[in-house]
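# Geometric and topological summary
Given next are the chains, with one letter for each unit.
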Amino acid sequence: MGYRIQDVISYLERLAPPAYQEGYDNATLICGDRKEGLKGVVCTLDCTEAVVDEAIQLGANLIVAHHPIVFKGLKSLTGRNYVERTVIKAIKNDIAIFAIHTNLDHVALGVNKRICERLGLTHTKILQPKKTGPEQIGFFLFQSKKKGKS
């Protein structure tokens, strides 16, 4: 038996639990059937019509986006803006959209840690720890010096 969309979601949510997301966020399965077999995954910062087109071209049926395309509830799906058009296109083509936003920002090895690494920052620390449940997580606002600088 192959992988399902849910397997990818479960893995990502173990890395960045949904409980770590901010209250305004919508890090979740935006559309699609988590029980479907996995054909391929496209990863992106923002889900747009072009990203859905790429998933179609590649035969992928899951888009993992950092930013949720839907932050607040949609009142209609008429295609009047890019958000509605993107969601409609994904649904028509059996493509699931999953967002993993502020919960990924808040984990120790998440987005902000990777940005610091790419910038060559060293001696980074968590400036604003966030307490959620029994374990401490970090909201990564880094204070550091570039390599070789005092």
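Refer to the structure printed above.
Since this is a predicted model, take the numbers as computed values, not measurements.

Definitions and cut-offs
- Residues numbered from 1 in each chain as written.
- Predicted model: local features only at pLDDT ≥ 70, side-chain atom pairs only at ≥ 80, totals over all residues.
- Heavy atoms only, no water.
- Buried < 20%, exposed > 50% of the residue type's maximum accessible area, 1.4 Å probe, protein only.
- Helix = DSSP H or I, 4+ residues; strand = E, 2+ residues; numbered from the N terminus.
- Pairing = 2+ DSSP bridges.
- Right-handed = clockwise from strand over helix to strand, strands pointing away.

## Some points on the pairing of strand 4 (residues 96-99)
Residue alternation in strand 4 divides its side chains into two sets, Ala 96 and Phe 98 and Ile 97 and Ala 99, and both sets are buried. In this structure, strand 1 (residues 29-31) lies alongside strand 4, joined through two bridges in antiparallel fashion. Directly across from Cys 31, in strand 4, lies its bridge partner Ile 97. Pairing between strand 3 (residues 62-67) and strand 4: four bridges, direction parallel. Bridge assignment links Ile 63 to a residue of strand 4, and that residue is Ile 97. Crossover strand 3 to strand 4 through helix 3 (residues 82-92) is right-handed.

## A word on the pairing of strand 3
Of all six residues in strand 3, five are buried; the element is thus mostly enclosed. Pairing of strand 2 (residues 41-46) with strand 3, which is carried by five bridges, proceeds in the parallel orientation. Paired with Cys 43 across the bridge in strand 3 is Val 64.

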